[in-house]
Amino acid sequence: MFSKTALILLAFISVAYSQTDDEESFLFVTKQTVNRFIVQGKELTIKYGLYNSGPTTVFNVNLNDVHSYPSKYYELLVGTLNPKWERINAGTNLTHVVVLKPKESGISNSSHAIVTYQKSEKNTEVQRTYSSEIGDVYIMTGREYDRRFSSHVIDWILFTAMASPCIVFPFFLWFNSKRKYELLASKDKTTKKAQ
């Protein structure tokens, strides 16, 4: 009995000493595209997720992703590529969304975003972390996207117009010959009855 009590007391003491005020938080940052296909001249949505994994609040959080989407190749429609937040509380997450429009087609590299923050208000040392990266993405032209994914209504109308003579003409010939043989068969029956 004494050994169990001593063991439980030792466990409580070790837990109490392991939880000090020196524990610091760390930010996990994710970056992802919401779009399934990226098309030139159409909206591209980028979603950033920041998660404070520690027991303390982090301060002066700055996200910078201007280098991944230069204004020469992308038009910024909604949001900002370098947002700032005063704080992110312990154990909470934050989501930031940016909507862009690609100006050119081809392969584009979307590297990681850089996030800087302070682990406490007293600590002026700036910490730096990086988001996950999307990597190389293929930006389709609008014409290629329409060719692959549109409903092709005009194509189907043209196909029907061109295929219908191949179906209607043989049907017309069959129907005329069938009617001709039915008339001959009915004449034969009437002549046989008359005899």
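The name an unreviewed UniProt entry assigns to the protein chain is Translocon-associated protein subunit beta, from the organism Adineta ricciae.

## A look at the overall build of the protein chain
A tally of helices and strands in the protein chain yields 3 helices and 11 strands. Sorting the 195 residues of the protein chain into buried and exposed places 26% on the buried side. Put simply, the protein chain shows about 14100 Å² of open surface, and 59% of that area lies on carbon and sulfur atoms.

## Some remarks on empty space enclosed by the protein
Taken as a whole and assessed by the stated rule, the structure comprises 1 cavity of 30 Å³ or more. The wall of the largest cavity is formed by T33, I38, L44, I46, Y69, Y74, S110, I134 and V137. Of the residues assigned to the lining of the largest cavity, the class counts are 7 nonpolar, 2 polar and no charged.

## Considering unusual backbone geometry
Positive phi values are uncommon outside glycine, yet N60 reaches one of about 50 degrees. Within the fold, N60 resides in strand 4 (residues 58–64).

## Digging into the nonpolar core
Membership of the largest hydrophobic core comes to 22 residues, with the highest contact counts inside it found for L27, Y48, L50, V61 and V115. Looking at this core, the elements with two or more residues in it are strand 1 (27–33), strand 3 (44–52), strand 4, strand 6 (84–88), strand 7 (93–102), strand 9 (114–118) and strand 11 (135–140). A per-element tally of this core places strand 3 first, with 4 residues. Those residues within four positions of V115 in sequence are excluded, and the remaining contacts are L27, V29, L50, V61, N62, L63, Q127, R128 and T129.

## Section: the pattern of salt bridges
Applying the stated rule across the entire model yields 2 salt bridges. Here D65 ties to K31 by a salt bridge, and the two come within 2.8 Å at their closest N and O atoms. With D65 in the loop between strand 4 and strand 5 (74–78) and K31 in strand 1, this residue pair connects regions lying 34 residues apart in the sequence. Between E182 and K178 there is a salt bridge, with the nearest N and O atoms lying 3.7 Å from each other. Of this pair, E182 and K178 both sit in helix 3 (residues 153–194), 4 residues apart, roughly one helical turn. The class for K178 is partly exposed, based on a relative accessible area of 34%.

Calculation rules
Residues numbered from 1 in each chain as written. Predicted model: local features only at pLDDT ≥ 70, side-chain atom pairs only at ≥ 80, totals over all residues. Heavy atoms only, no water. Helix = DSSP H or I, 4+ residues; strand = E, 2+ residues; numbered from the N terminus. Buried < 20%, exposed > 50% of the residue type's maximum accessible area, 1.4 Å probe, protein only. Areas by Shrake-Rupley, 256 points an atom, 1.4 Å probe, with all protein chains shown as cover. 1 Å grid on protein atoms, 1.4 Å probe; cavity = no way out; pocket = protein on both sides within 12 Å on 5 of 7 lines; lining within 4 Å. Points joined across faces, edges and corners; volume = space filled by probe spheres on them. Nonpolar A, V, L, I, M, F, W, Y, C, P; charged D, E, K, R; others polar. Core = buried A, V, L, I, M, F, W, Y, C linked by side-chain atoms within 4.5 Å. Contact = heavy atoms within 4.5 Å. Salt bridge = Lys/Arg side-chain N within 4 Å of Asp/Glu carboxyl O.

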